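Here are the chains, one letter per residue:
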Amino acid sequence: MGKVILTGDRPTGRLHVGHYVGSLRRRVELQNEGDYDRMFVFMADVQALTDNADNPEKIRQNIIEVALDYLAAGLDPEKCTLFIQSQIPELSELTTYLMNLITVSRVQRNPTVKTEIKMRNFEANIPLGFFCYPVSQAADITLFKANIVPAGEDQEPMLEVTRELVNRFNNTYGPVLVEPSIMLPPEGACRRLPGIDGKAKMSKSLGNCIYLSDTADEVWQKVRSMYTDPTHVNLNDPGHVEGNMVFTYLDAFSTPDDFAECWPEYSGLDELKEHYCKGGLGDMKCKKFLNRVLNRTLEPMRERRREFEKDIPEVYNILKKGTESAREVAARTIDEVRHAMRIDYFNDAALIAEQAERFASKQQ
Ligand code: TRP
């Protein structure tokens, strides 16, 4: 069996550095390592609509933003198929079949869905489409026979549901679908990057994000205002690195190279932390270093983004071509699904012959 990598994002806003360290960075590495048969990255606009039904314009506007973020981050349409979920009707079909293989109470136990229902005040009135999105996500993954899904840990419950559905489907109808596993980002700090306020996960609604498309100026304003250590008042006070966003971000972003090239006085992050904890190292110095570290990643992205922005119709064309190519795979799997379920009536010569015979014998 081949190696198929698939992952996606809801196009509800521009992507931020939390997306980058949590998933996007790894996707680009995977793409460039080339150790796979097929790689898909898609915009989950159908899923985004499950809690934005009254605001399709938001999704419509953000498709291009996310596409530019993908391309800027280094996803290469020659190596990785980029597509738009809503343009693959086979996804809805597979979702419908999978919904028969799972119970309402099973979906209700999904911790990610539970949290999201609370966050959106859906408790009393859950839109049915929203409730069913874990099943739709299982279709996203299985329609392309993906076996590796790079994503954050909040997606693990979706993968669990997917594996259960794969087993139910295969045991009921025959071995067509493939069990996926999640590929989590390796470093602990990257799994849930907090916002610059240090309060919660980076999120647009909280206004605590650094966007991949932020200018150098915007990034510096945000880094300058970052939450650090409130007990570190005077330069010589001992500092704390836990809960200190500058160090949390350095954990997620800085490399030995950054130290060698931008701050060779320190052998690496451990030594820097040690000095900060002892006292005598100011926040501003650390923020300036973090700003350089961030821009070493973000500046090449800004350059690529500027290039793609010059020809926006071509960006849509890239998505269209990717979608067409994804649809070929989708159509093949849907044929297999229908065949396994024995609902491919028009291709089922045995069925037609059998029924013809049954009715012929009735006539005699
Ligand atoms: N649920 C994912 C998110 O909120 C988006 C998504 C939809 C996805 N379908 C997927 C991720 C399939 C991985 C695989 O970010």
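Not measured: the values here are computed from a predicted model.

Quick notes on the rules
Residues numbered from 1 in each chain as written. Predicted model: local features only at pLDDT ≥ 70, side-chain atom pairs only at ≥ 80, totals over all residues. Heavy atoms only, no water. Helix = DSSP H or I, 4+ residues; strand = E, 2+ residues; numbered from the N terminus. Buried < 20%, exposed > 50% of the residue type's maximum accessible area, 1.4 Å probe, protein only. Contact = heavy atoms within 4.5 Å. Phe/Tyr/Trp six-rings, centres within 6.5 Å; stacked < 30°, edge-to-face > 60°. Lys NZ or Arg CZ within 6 Å of the ring centre and 35° of its normal. Near = heavy atom within 4 Å. Polar contact = N/O pair within 3.5 Å; in protein donor to acceptor, adjacent residues only side chain to side chain. Areas by Shrake-Rupley, 256 points an atom, 1.4 Å probe, with all protein chains shown as cover. 1 Å grid on protein atoms, 1.4 Å probe; cavity = no way out; pocket = protein on both sides within 12 Å on 5 of 7 lines; lining within 4 Å. Sits in = over half its atoms within 2 Å of the grid points. Nonpolar A, V, L, I, M, F, W, Y, C, P; charged D, E, K, R; others polar. Points joined across faces, edges and corners; volume = space filled by probe spheres on them.

Some words on the side chain of Lys 222
At step 1: Checked against the element boundaries, Lys 222 lands in helix 10 (residues 216-224).
At step 2: By relative accessible area, which is 18% here, Lys 222 ends up buried.
At step 3: Contacts of Lys 222, omitting those with residues within four sequence positions, involve Ile 196, Cys 209, Ile 210, Tyr 211 and Asp 214.

Comments concerning the packing of aromatic side chains
Within a pair of aromatic rings, the relevant descriptors are the distance that separates the centres and the angle that separates the planes.
At step 1: Scanning the model with the defined rule gives 12 aromatic pairs in all.
At step 2: With centroids separated by 6.4 Å and ring planes inclined at 15°, the aromatic side chains of Tyr 20 and Phe 253 adopt a geometry described as stacked. Highlighted residues: Tyr 20 in helix 1 (residues 17-33) and Phe 253 in helix 11 (residues 245-253), separated in sequence by 233 residues. By the burial criterion, Tyr 20 is buried, and Phe 253 matches it.
At step 3: Ring plane angle 45° and centroid distance 4.9 Å describe the contact between Phe 40 and Phe 144, whose orientation is recorded as tilted. On the criterion of sequence distance, the pair formed by Phe 40 in strand 2 (residues 38-43) and Phe 144 in the loop between helix 8 (133-143) and strand 4 (148-150) is long-range, its members being 104 residues apart.
At step 4: Sitting over the face of the ring of Tyr 133, Arg 10 holds its NZ or CZ atom 4.8 Å from the ring centroid.
At step 5: Sitting over the ring of Tyr 211, Arg 14 keeps its end group 4.1 Å from the ring centre.

With respect to the site of the ligand
At step 1: Every residue close to the ligand is listed here: Leu 6, Thr 7, Gly 8, Arg 10, Phe 42, Ala 44, Gln 47, Gln 137, Asp 140, Ile 141, Val 149 and Gln 155.
At step 2: Contacts to the ligand include Gln 47, whose side-chain N or O atom sits 2.7 Å from a nitrogen atom.
At step 3: Burial of the ligand by the protein chains amounts to 89% of its free accessible area of 370 Å².
At step 4: Given that more than half its atoms are within 2 Å of the pocket grid, the ligand belongs to the largest pocket.
At step 5: Among the elements of the structure, strand 1 (4-9) and helix 8 are those that each provide at least two residues to the shell around the ligand.
At step 6: Classifying every residue of the shell around the ligand gives 5 nonpolar, 5 polar and 2 charged.

Re the layout of surface pockets
At step 1: By volume, the largest pocket amounts to about 1,600 Å³.
At step 2: Among the secondary structure elements, those contributing two or more residues to the lining of the largest pocket are strand 1, helix 1, helix 6 (111-119), helix 8 and strand 4.
At step 3: Taken together, the residues that form the lining of the largest pocket break down as 16 nonpolar, 18 polar and 15 charged.

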